[in-house]
Amino acid sequence: MIIGKVVGSVVSTRKNENLIGNKFMVVEPLNDFGNSAEKIVAIDNIGAGIGEIVLVALGSAARIGCGVASAPIDAAIVGIIDNGTGLSGVIK
Amino acid sequence: MIIGKVVGSVVSTRKNENLIGNKFMVVEPLNDFGNSAEKIVAIDNIGAGIGEIVLVALGSAARIGCGVASAPIDAAIVGIIDNGTGLSGVIK
Amino acid sequence: MIIGKVVGSVVSTRKNENLIGNKFMVVEPLNDFGNSAEKIVAIDNIGAGIGEIVLVALGSAARIGCGVASAPIDAAIVGIIDNGTGLSGVIK
Amino acid sequence: MIIGKVVGSVVSTRKNENLIGNKFMVVEPLNDFGNSAEKIVAIDNIGAGIGEIVLVALGSAARIGCGVASAPIDAAIVGIIDNGTGLSGVIK
Amino acid sequence: MIIGKVVGSVVSTRKNENLIGNKFMVVEPLNDFGNSAEKIVAIDNIGAGIGEIVLVALGSAARIGCGVASAPIDAAIVGIIDNGTGLSGVIK
């Protein structure tokens, strides 16, 4: 998984029907996990808000681990980070 | 998922039979999600047109989430983006 | 999927038995899809020749979509490109 | 798999329920396997400590190979490296 | 798949029990397939030796194609390359 900051969200009216009901957040990886040109659109079903630092699961784990196994989803916010060590920046 | 712009399409007559009936669009990631040398060929079954900004699912999610689980497809356009926040450029 | 040019092939006598009977082509991504140091070895069961521009599926899609679900294959040539738009170079 | 050093851990109270009970370690790839801006958050169920050099499995292998097939987990520490050859640095 | 050279191996005593019995080789991609900072640890069940040029399968293909579907393995040596064309260097 990687850690990033929720920096925004996107809206899509015309979309695959298996996506209906999901929120699509824009996550920017922390510097330790990538760069600002490697943002990810991830679904959020734990209620992360803009500015929060989150754990993101990628690949089949996002679908299968979040109860949306048959949806075209390859990234999901799966936790809100409270604190951490070993990172070059400070969380919060 | 990533967000990109539909910049073109490709035609293939001689192809794997599980691909028949699909449209193959060329998607260029927005700057926030990659660079112009990381384009993707994605199937489109929601009717995205050239120039539209779209959500693209990658990996097994593209096959399984789009009803083509047994096709050799690793990328699919799954939504047309209406608007968004947290991106460095403006959508539309 | 990505688009590349078939630039060669490799031969392996001592190999996993699930690979027997496959041809292994060396595919170089077109500039729009990567660089020359990111070549891929892909199986070919549609008869692509050296110099042809092909569509390549990556990951589980290659195995499952090409009838070799139990083989250790992560890339397959799945179409020969006739023509396309939205690419920085000309196909053919 | 890649080899990295355990450099820290993160805590998440509000998280996907399938993640409960897992420890989340921050792993920095050794120079041979990436760079310090490509850290990974991996679960650990073999008891790796800070500073240890570990083997990390990525993708579906992490879920399926570690008995957490239905959790949104895409990386797992699966071994502690005792020693090795062919690496540019010394392990330990 | 990618092609690399076997440059070493690693030993892990404390490891996930599904890994027991496997050999872990360090593979450095040939220049055509990556760079020396993108080494991979791959299992080897075809008996590749140090210095040999090998075909490596990545992702779920490594597990499922090599008879270790329930092990946390994301890379496997699946063939020893005898010769090839279309590569910038000479094999052997």
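Below: a short report on this structure.

Within this structure, the stated rule accounts for 15 salt bridges over all chains. The closest approach of N and O atoms between C:D32 and B:K39, which form a salt bridge, is 2.5 Å. Residue C:D32 is found in the loop between β2 (24-29) and β3 (40-44), and its partner B:K39 is found in the loop between β2 (24-29) and β3 (40-44); the two belong to separate chains. Assigned by exposure class, C:D32 and B:K39 land together as buried. Measuring nitrogen to oxygen at the nearest pair gives 3.8 Å for the salt bridge that ties E:E28 to E:K39.

In this complex, chain D contributes 30 residues to the contact, which on the side of chain A involves 29 residues. On the chain D side of the interface with chain A, the three residues burying the most area are D:R14, D:K39 and D:D74, jointly 27% of the side's total. For the pair chain D and chain A, the interface holds 1 salt bridge. Taken together, the links from chain D to chain A amount to 18 residue pairs in polar contact (both at pLDDT 80 or more).

Take the arrangement of the chains next. No part of chain A reaches chain C; the closest C-alpha pair between them is 11 Å apart. Contact between chain B and chain E is absent, and the minimum C-alpha spacing across the pair is 11 Å.

Right, let's get into the interface of chain A and chain B. Taken together, the contact between chain A and chain B spans 31 residues of the former and 29 residues of the latter. Between chain A and chain B, the buried area comes to about 2100 Å², and carbon and sulfur atoms account for 50% of it. Considering only the surface of chain A that becomes buried against chain B, A:R14, A:K39 and A:D74 emerge as the three largest contributors, covering 27% of it. In this structure, the connection of chain A to chain B is made through 1 salt bridge. For the side of chain A that touches chain B, the secondary structure elements donating two or more residues are β1 (2-11), β2 (24-29), β3 (40-44) and α1 (60-64) of chain A. Pairing of β1(A) with strand β6 (residues 83-84) of chain B, which is carried by 2 bridges, proceeds in the antiparallel orientation. Pairing of A:V10 across the sheet is with B:G84, part of β6(B).

Before going further, it helps to examine the state of the cysteines. The final tally for this structure, using the stated rule, is 0 disulfides over all chains. Among the cysteines around A:C66, which has no disulfide bond, B:C66 carries the closest sulfur, lying 18 Å off.

When chain A is fitted to chain B, the best match, at an RMSD of 0.0 Å, comes from turning it 72° and sliding it 0.0 Å along the axis. Given the turn and translation reported, the copies of this chain are related as if by a five-fold rotation axis.

Here the focus is the relation of the copies chain D and chain A. Screw-axis analysis of chain D against chain A gives a translation of 0.0 Å along the axis, an RMSD of 0.0 Å, and a rotation angle of 72°. Little of the interface of chain D is mirrored in chain A, where only 3% of its interface residues again form contacts.

Let us now look at the side chain of A:D32. Given the relative accessible area of 4%, A:D32 is considered buried. There is a polar contact of 2.5 Å between the side chain of A:D32 and the side chain of D:K39. Apart from residues no more than four positions distant in its own chain, A:D32 is found in contact with A:L87, A:S88, A:G89, D:S36, D:A37, D:E38 and D:K39.

Here we take up a negative patch on the surface. Taken together, the side chains of A:E38, B:E38, C:E38, D:E38 and E:E38 define an acidic patch exposed on the protein surface. Secondary-structure assignment places D:E38 in the loop between β2 (24-29) and β3 (40-44). D:E38 sits in the partly exposed class, given a relative accessible area of 40%.

The rules behind the values
- Here, residues in each chain are numbered from 1, in the same order as that chain's written sequence.
- Each chain takes a letter, starting from A, and each ligand takes a number, starting from 1, following the order in which they are written.
- With the structure being a predicted model, the display of local features is reserved for residues of pLDDT at least 70 and the display and counting of side-chain atom pairs for 80 or more, all residues being used for whole-chain, interface and lining totals.
- Hydrogens and water are ignored here; the side-chain numbers use all heavy atoms of the structure.
- The term salt bridge refers to a side-chain nitrogen of Lys or Arg lying within 4 Å of a carboxyl oxygen of Asp or Glu.
- A run of DSSP states H or I qualifies as a helix once it reaches four residues; a run of E qualifies as a strand once it reaches two. Both are numbered from the N-terminal end.
- Burial classes: relative accessible area under 20% of the type maximum marks a residue as buried, over 50% as exposed, and values in between as partly exposed (1.4 Å probe, protein chains only).
- Residue contacts follow a heavy-atom distance rule, with two residues in contact if any of their heavy atoms lie within 4.5 Å.
- Note on terms: buried area is the combined drop in 1.4 Å-probe accessible area of two parts once they are placed together, counting the loss on both.
- Polar contacts here mean pairs of N or O atoms no more than 3.5 Å apart (in protein, one a potential hydrogen donor and the other a potential acceptor; neighbouring residues in sequence count only if both atoms are side-chain atoms).
- The pairing criterion for strands is at least two bridges between them, as found by DSSP.
- Cysteine sulfur atoms that pair up within 2.5 Å are treated as a disulfide.
- Only residues with pLDDT of at least 70 in both copies count here: their C-alpha atoms drive the least-squares fit that superposes the copies.
- Residues enter patches when they are more than 30% accessible in relative terms and free of salt bridges; like-charged ones are connected within 9 Å and nonpolar ones (Val, Leu, Ile, Met, Phe, Trp, Tyr) within 5 Å.
- Computed by Shrake-Rupley with a 1.4 Å probe, the accessible areas treat only the displayed protein chains as cover when residues are assessed.
- Asp and Glu count as negative and Lys and Arg as positive, but His and the ends of the chain are not part of the count.
- To locate a charge, the coordinates of NZ of Lys, CZ of Arg, CG of Asp or CD of Glu are taken.

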